[in-house]
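Remarks on the overall topology
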Amino acid sequence: MRILVTGGAGFIGSNFVHRTLSTRPDTQVVVLDAMTYAANPENLAGLDPQRCRLVEGDVCDVELVDELMAEADLVVHFAAESHNDNSLHNPLAFTRSNVEGTVVLINAATRHDVRFHHISTDEVFGDLALDDPARFTPDTPYNPSSPYSASKAASDHFVRAFVRSHGLRATISNCSNNYGPRQHPEKFIPRQILNLLAGEEPRVYGTGENVRDWIHVDDHNDAVWTIIEKGEIGQTYLIGADGEHDNLAVVAELNRVFGREPGAFLHVTDRPGHDRRYAIDASSTLALGWEPRHRDFRAGLRETVEWYRGNPGWWERAREATESAYRRREVQLPK
Ligand code: NAD
Ligand code: DAU
């Protein structure tokens, strides 16, 4: 099977490529990635060149996409601008890569009749109140809060419209917050791990009561394979692992890993429009036979800390650039 993986040099996409090549011997992968600040060539280092090729290019490049689509049996579309904070400052990069890029890809997939899996996010549903017992399901109405989530919501709508109007053979998955190796230092968990490794304080936005539903990146990618193999064309599947924790609890646990007081961190400027809580009802994907294997979040966090501790060459430059931008914007709040 020849698989075109867009965004395969980023966090989730590169973990998908590694996992696919090691668990599915009958696969060959072409990664299409624009190698933005979020990509790292190291993410694909050491892979068999007979089975994995990196094409540095943009998903908005109509000719290139058409050429690669003609040689693919399956597309798994991860490529996106993925960070909420950046979308508040530079929304057009998000409409371009996330909306236009998706339309370029599904246009070509329709033309070449290639099976398409669209990677999306639970953020398209907006947020839940902290005391709301509800969780997101495939029937939850779309209500995105940030320019990033709005661009992902738009891309989901385009995929559905192409399924209905053009017979595109597509499935969509909306997953909750991923953690694990190779996540960019701009994101919450790596950022706090790297602060702690540098002997600095973790930095929590606002009150820190916001809840995220954490899932290990390998569980996400296994669910994606289950949907590709067993999902129904045109359907949306939600992926999550019952991993709800507020940001204060995550920072407390990381502090414990470093032998520090759980409550030792700085409150900093809140994110405008900050979503309060995400929570996934994953019944749609569990019904296909998938189940998460990384059920111990504390153990997963410890392994993730060890990965960052062992790979300073991977993150040092990215951290420096990211952290200096954050520090320019952030103000410390009283506790
Ligand atoms: P990431 O930022 O780590 O990686 C994104 C990759 O896409 C990068 O390698 C980047 O270079 C590439 N890219 C960006 N614009 C491109 C373009 N125009 N053309 C080609 N390549 C381009 O992101 P991630 O966290 O790995 O997320 C991957 C996907 O999963 C995204 O679609 C995101 O919306 C979705 N998602 C992420 C999470 C999460 O917790 N990180 C959860 C659910 C869904
Ligand atoms: O839910 C899925 C989404 O999860 C994905 O679609 C996004 O691509 C991914 O980035 C992630 O979005 P979040 O905004 O939830 O992730 P982030 O890591 O940016 O922040 C997680 C929480 O931590 C959020 O409540 C904001 C908070 N935060 C973040 C940073 C970077 C802090 O308190 N301090 C920080 O320094």
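On a predicted model such as this, the values are computed, not experimentally measured, just so you know. The numbers attached to residues start from 1 for each chain and follow its sequence in the written order. Working convention: letters from A go to chains and numbers from 1 go to ligands, in the order in which they are written. This being a predicted model, a pLDDT of at least 70 is required before a residue's local features are given, and a value of 80 or more before pairs of side-chain atoms are given or counted; all residues contribute to the totals for chains, interfaces and linings. Water and hydrogen atoms were dropped before computing side-chain values, which therefore reflect all heavy atoms in the structure.

1. Here's the deal with the packing of aromatic side chains
Aromatic ring pairs are reported here in terms of the distance separating the ring centres and the angle at which the planes meet. Let me state the cut-off plainly: In this scheme Phe, Tyr and Trp rings, the latter by its six-membered ring, pair at centre separations within 6.5 Å, and the angle between planes marks the pair as stacked below 30 degrees, edge-to-face above 60, and tilted otherwise. Helix numbering and strand numbering both begin at the N terminus, where a helix is a DSSP run of H or I of at least 4 residues and a strand a DSSP run of E of at least 2. Categorising residues by exposure relies on relative accessible area from a 1.4 Å probe, with only protein chains included: less than 20% of the type maximum marks a residue as buried, more than 50% marks it as exposed, and the intermediate range marks it as partly exposed. We call a charge positioned above a ring when the Lys NZ or Arg CZ atom is no farther than 6 Å from the ring centre and deviates by at most 35 degrees from the ring normal.
A full pass over the atoms with the stated rule returns 12 aromatic pairs. Aromatic side chains F136 and Y278 sit 6.5 Å apart centroid to centroid with 40 degrees between the ring planes, which places their arrangement in the tilted category. With F136 in the loop between β5 (115–121) and α5 (147–166) and Y278 in the loop between β13 (266–268) and α9 (283–286), the pair connects residues that are 142 residues apart, well separated along the chain. Using a relative accessible area of 1% as the deciding quantity, one classes F136 as buried. You can call Y278 buried: its relative accessible area is 1%. For the pair W307 and Y308, a centre-to-centre distance of 5.0 Å together with 85 degrees between the ring planes defines the contact as edge-to-face. Owing to a relative accessible area of 0%, Y308 belongs among the buried residues under this scheme. The aromatic ring of W225 is capped on one face by R24, whose charged end is 4.1 Å from the ring centroid.

2. A closer look at the site of ligand 1
Our working rule: Only heavy atoms are used to decide nearness, and a residue is near a molecule or strand if one of them lies within 4 Å of it. Pairs of N or O atoms within 3.5 Å make up the polar contacts considered here, provided that, within protein, one atom can donate a hydrogen while the other can accept it, and that residues adjacent in sequence are counted only when both atoms are side-chain atoms. In short, Shrake-Rupley with a 1.4 Å probe defines the accessible areas, and a residue's cover is counted only from the protein chains shown.
The immediate surroundings of ligand 1 are formed by 28 residues, with I12, D33, S82, Y148 and K152 found nearest. Residue S82 places a side-chain N or O atom 2.7 Å away from an oxygen atom belonging to ligand 1. In this structure, an oxygen atom belonging to ligand 1 sits 2.9 Å away from a main-chain N or O atom of N178. The protein chains hide 97% of the 830 Å² of surface that ligand 1 would expose on its own.

3. Re the packing of helix α8 (residues 247–257) against helix α10 (residues 297–310)
How we decide: Every axis in this analysis is a line fitted to C-alpha atoms, fitted for helices over the stretch in contact. Angles between the N-to-C directions lie between 0 and 180 degrees. For this classification, under 35 degrees means roughly parallel, over 145 means roughly antiparallel, 65 to 115 means roughly perpendicular, and everything else is oblique. Helix crossings fall into two classes, left-handed where the near helix is turned counterclockwise from the far one by less than a right angle and right-handed where it is turned clockwise. What makes two residues a contact is simply this: any of their non-hydrogen atoms within 4.5 Å. Ten residue types, Ala, Val, Leu, Ile, Met, Phe, Trp, Tyr, Cys and Pro, are classed as nonpolar, four, Asp, Glu, Lys and Arg, as charged, and the remainder, Gly among them, as polar.
Look at α8 against α10: their axes get within 10 Å of each other, and the N-to-C directions meet at 60 degrees. As the angle between them shows, α8 and α10 are arranged oblique. Our pair here, α8 against α10, has a crossing hand that is right-handed. The residues of α10 that touch α8, namely those facing V250, E253, L254 and V257, are F297, R298, L301, R302 and V305. Its residues assigned to classes, the contact of α8 with α10 shows 6 nonpolar, no polar and 3 charged.

4. Some remarks on the site of ligand 2
Taken together, 25 residues are adjacent to ligand 2, and D122, Y148, R191, R271 and H274 come closest. In this structure, T121 approaches ligand 2 through a side-chain N or O atom, which is 2.7 Å from an oxygen atom. Contacts to ligand 2 include R191, whose side-chain N or O atom sits 2.7 Å from an oxygen atom. About the coverage of ligand 2: the protein hides 95% of its 690 Å² of free accessible area. Residue assignment for the shell around ligand 2 shows that the elements contributing at least two residues are α6 (188–197) and β8 (203–205). Here the residues of the shell around ligand 2 sort into 7 nonpolar, 10 polar and 8 charged.

5. Observations concerning helix α4 (residues 91–112)
The criterion, for reference: Given the number of residues in a helix, its expected span is that number minus one, multiplied by 1.5 Å. For a residue, the bend is simply the angle between two axes, fitted respectively to the seven-residue segment ending there and the seven-residue segment starting there.
With 22 residues, α4 extends 31 Å between its outermost C-alpha atoms, agreeing within 8% with the 32 Å of an ideal straight helix rising 1.5 Å per residue. If you look at α4, its biggest bend is around 25 degrees, right at G101. Residues F94, S97, N98, V99, G101, T102, V104, L105, I106, A108 and A109 constitute the buried set of α4. Trailing α4 by a residue or two, D113 shows a phi angle of about 50 degrees, which is positive.

6. Some words on the packing of helix α2 (residues 62–69) against α4
Across the interface, α2 lies against α4 with an axial gap of 9 Å and an inter-helix angle of 40 degrees. Put simply, α2 runs oblique to α4. The hand of the α2/α4 crossing is right-handed. For the pair α2 and α4, the contacting residues are V62, V65, D66 and M69 in the first and V104, L105, A108, A109, R111 and H112 in the second. Partitioning the contact of α2 with α4 into residue classes produces 7 nonpolar, 1 polar and 2 charged.

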